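# Survey of secondary and tertiary structure
Each chain, letter by letter, is given below.
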Amino acid sequence: MLHTIIQKNNYQDSIVLMLLTNRLLTIEGINNASVMMGTPANKDIFKTGGLYTEEMNNATSNDMVLVLDIEEEEIIETVLSEIDAFLSDQSNSAGEETQSVKTWEKALDLGKDAKVAVLSIPGTMAAPEIETALAAGKHVFCFSDNVSLEEEVRLKKMAHEQGLLLMGPDCGTGILNGIPVAFTNAVRKGKIGVVGASGTGIQEVTTIIHKLGAGVTQAIGTGGRDLKEAVGGITMKDSILALEHDPDTEVIVVISKPPAPRVRDEVLALLRRGTKPAVTIFLGEEPTDHEENLYRAYTLEEAAQLAVQLLHQEQIGLEPVKEETAAAAFGPEQQKIKAYYSGGTLAYEAAMLVKAGLNLEQEDAHQEGYILKAAGHEIIDLGDDIYTQGKPHPMIDPTKRIELLKQAGEDPETAVILLDIVLGYGSHQDMASELAPTIKSLKEAAQAAGRELAVIATIVGTDLDPQDSNEQAEILTAAGVILCQSNAQAVKQALAMLGHPFSPISRKLLPRAVTTAYVLPEPSEKSRELLANDAFINVGLRSFAEAIQAHHGQVVQYDWQPIAGGNVTLQKALRFLAQVSLSE
């Protein structure tokens, strides 16, 4: 039986609603539940999930819609109490010292010293808010996705012209002046500056830098599309210039999934002309050479190691130290690797290494979240839209991963299962404990059936994270998981256990490829100010404010709600009238 509850004018962020859905699914007597705002797009998702009811026709974009699949109506009272308690906890999550406001005017007044506005609101409504923040002279960190490419180009050009950075849209990770922003790990402050068009790529590199004893000045996210031809690397190039002139940054690391060739060449030209040693990783490219002062990594781990070696002025290693290969007695039919990732970049890196190690040809790329599906091997990005529309991200919710773990464990051809455990602000508070019982059960069942099942994982996190990587490691190890220090090492461990050890990499060190004299342009004064910023305006998700405060940052919380009931046409008209009024 489906039961619908509509709470009028109760706008909540999508991540909060996902967490609330998770909480409700733990209540006995609820077969299924979904909580979303009553937007037209979300109503379509309700239909796709078989949870649509006629009652929700009356819901607007400002109304919170809850649909329950239940057997007994008596449970409704318990559900309503749980909702009230959960939302009350969320309202208090940013701490008593957080100043909360309801309008841009008040946010800008209280946050006049803030150099950065952090936006985590529905992407379809984000562009006007980005423009408002830029017009007020604020750098923007935009967590929101679903901003059109055309709008991204327009807004990044606007930011550049004003000497500002637009980090995003779809920017999931950042560290600004040692302060974590959005889904980010707690990393030691140091002398390595990172710029990345990849959220989990930044997390993997910065946490390995931390594990190696070094630290990070800045980790500037650009959004995943910044190095596309249409965007031209606007944020990437401006960030490199800022780090080049930052007195606290001694080494620069650049991270990206495959960029447009022209944009990649422009980024490399900029780094060649800089004074600081730099490391680049363009995932999917297998570099053959280093250049003096410009080193090219193949894996995220290698990028981190090269950066630390350069920082300490050590001899550059050509291949990361290999971990000892675990012994395994697989049956003759057990030859398959199954990998279920919460980090898209980590899934991409794993697919790159597995294809190279096993000499595979891709079959069905990016169907149902597959990054690799070939010859029975499969690597899935569980953060793909197909798995997250109207559902919590796998960094928050283990449900889908547990389902796939069981399927892989019961498959007699599976030899190795690969996993990532991504810690940090925004992620599940104890993912290891959620996954460990299933892993232990699957290994025991395989052993009873005369098979050996290897589960190999990497923890993307540090001992400073809220979850504490050491505690998570103990839980996973007790469940029989083989832990590796990086995603690359985990994949190489899997390949070695199947009899396909990865060949060592050998590269030449070439002279710097700069043929003409060139002086790098100075970064804007506002970019310099960004690198020393400790004050933010947080527009949307309150937990982001909590992370900023935990690292001694100042924050004004803007409890954003869509105007005009979410009607985009009416919103544009109201904004136009407001601009006319201000100009008069």
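Under an unreviewed UniProt entry, the name given to the chain is Acyl-CoA synthetase FdrA, and the organism recorded is Enterococcus casseliflavus EC20.

What follows deals with the overall build of the chain. When you go through the chain residue by residue, the secondary structure sums to 19 helices and 24 strands. Relative to its length of 584 residues, the chain is compact, with a C-alpha radius of gyration of 24 Å against a globular reference of 25 Å. In terms of overall dimensions, the chain has C-alpha extents of about 70 × 65 × 40 Å along its principal axes. Restricting the contact set of the chain to residue pairs at least 6 apart, pairs at least 24 apart contribute 73%. Averaged over its 47 positive side-chain charges, the chain has a centre that lies 6 Å from the centre of its 81 negative ones.

Of all 7 residues in strand E20 (residues 454-460), 7 are buried; the element is thus mostly enclosed. Neither face of E20 is left uncovered, since the one carrying Ala 454, Ile 456, Thr 458 and Val 460 and the one carrying Val 455, Ala 457 and Ile 459 both have all their residues buried. Where strand E19 (residues 414-422) and E20 come together, 7 bridges link them in parallel fashion. Looking at E20, one finds that Leu 419 is bridged to Ala 457. Viewed along the sheet, the connection from E19 through helix H14 (residues 431-448) into E20 turns out right-handed. In this structure, E20 lies alongside strand E21 (residues 482-484), joined through 3 bridges in parallel fashion.

What follows is about the packing of aromatic side chains. Under the counting rule described, the total for this entry stands at 5 aromatic pairs. Here Tyr 11 and Trp 560 contribute two aromatic rings whose centre-to-centre distance is 5.3 Å and whose plane-to-plane angle is 80 degrees, an arrangement assigned as edge-to-face. Highlighted residues: Tyr 11 in the loop between strand E1 (2-7) and helix H1 (14-24) and Trp 560 in the loop between strand E24 (554-558) and helix H19 (568-583), separated in sequence by 549 residues. For the pair formed by Tyr 11 and Trp 560, the shared burial category is buried. What links up through ring pairs into an aromatic cluster is the set Phe 143, Phe 183 and Phe 544.

With that settled, the discussion passes to the sheet that holds E24. What the 6 strands build is an open sheet, ordered E4-E24-E23-E5-E6-E7; its pairing is parallel. Only two strands of the sheet have a single neighbouring strand rather than two, namely strand E4 (99-101) and strand E7 (166-167). The pairing of strand E6 (residues 139-142) with E7 spans 2 bridges and is parallel. Its bridge partner being in E7, Val 140 is matched across the sheet by Leu 166.

Another aspect to go through is unusual backbone geometry. For the bond from Gly 168 to Pro 169, the omega torsion is 5 degrees, close enough to zero to count as cis. Its location among the elements puts Pro 169 in the loop between E7 and strand E8 (173-176). Of note in the backbone geometry, Asp 170 takes a positive phi value of approximately 60 degrees without being a glycine. In this structure, Asp 170 sits in the loop between E7 and E8. The exposure class assigned to Asp 170 is partly exposed, which follows from its relative accessible area of 48%. Of note, the phi angle at His 552 is positive, near 65 degrees, even though the residue is not glycine. You can see His 552 is positioned in the loop between helix H18 (542-550) and E24.

This next bit is on the UniProt feature "domain: CoA-binding" (unreviewed entry) in the chain. Feature annotation in UniProt assigns "domain: CoA-binding" (unreviewed entry) to the following positions: residues 189-283. End C-alpha atoms of residues 189-283 are separated by 26 Å, and the span's content is 38% helix alongside 26% strand.

Take the packing of helix H6 (residues 149-161) against helix H8 (residues 234-244) next. Where H6 meets H8, the closest approach of the two axes is 10 Å, and the angle between their N-to-C directions is 25 degrees. Between H6 and H8, the crossing angle belongs to the class labelled roughly parallel. Our pair here, H6 against H8, has a crossing hand that is left-handed. Seen from H6, the contacting residues are Lys 156, Lys 157 and His 160; seen from H8, they are Ile 234, Thr 235 and Asp 238.

With that settled, the discussion passes to the pairing of E24. For E24, the tally of buried residues reaches 4 of 5 residues, placing the bulk of the element in the interior. Pairing of strand E23 (residues 535-540) with E24, which is carried by 5 bridges, proceeds in the parallel orientation. Bridging from a neighbouring strand, Phe 536 pairs with Val 555 of E24. Handedness of the crossover joining E23 and E24 through H18 is recorded here as right-handed.

When the parts of a complex come together, some accessible area is lost, and that lost area is often used as the size of the interface. When cut into domains, the chain gives domain 1 (2-93), domain 2 (171-319 + 524-531) and domain 3 (336-498). A C-alpha centroid distance of 26 Å is found between domain 2 and domain 3. At the interface, 26 residues of domain 2 touch 30 residues of domain 3. Buried area between domain 2 and domain 3, summed over both chains or domains, comes out near 2,200 Å², and the portion from carbon and sulfur atoms is 59%. Our enumeration of links across domain 2 and domain 3 arrives at 0 salt bridges. Connecting domain 2 to domain 3 are 14 residue pairs in polar contact (both at pLDDT 80 or more).

Rules used in this analysis
Residues numbered from 1 in each chain as written. Predicted model: local features only at pLDDT ≥ 70, side-chain atom pairs only at ≥ 80, totals over all residues. Heavy atoms only, no water. Helix = DSSP H or I, 4+ residues; strand = E, 2+ residues; numbered from the N terminus. Rg over C-alpha atoms; globule rule 2.2 N^0.38 Å. Contact = heavy atoms within 4.5 Å. Lys, Arg positive; Asp, Glu negative; His and termini not counted. Charge placed at Lys NZ, Arg CZ, Asp CG, Glu CD. Buried < 20%, exposed > 50% of the residue type's maximum accessible area, 1.4 Å probe, protein only. Pairing = 2+ DSSP bridges. Right-handed = clockwise from strand over helix to strand, strands pointing away. Phe/Tyr/Trp six-rings, centres within 6.5 Å; stacked < 30°, edge-to-face > 60°. UniProt positions renumbered as here; feature names shortened; annotations may be inferred. Axes fitted to C-alpha atoms, helices over the stretch in contact; angles between N-to-C directions. Parallel < 35°, antiparallel > 145°, perpendicular 65-115°, else oblique. Left-handed = near helix turned anticlockwise from the far one by under 90°. Domains from an automatic or database assignment. Buried area = accessible area lost by both parts, 1.4 Å probe. Salt bridge = Lys/Arg side-chain N within 4 Å of Asp/Glu carboxyl O. Polar contact = N/O pair within 3.5 Å; in protein donor to acceptor, adjacent residues only side chain to side chain.

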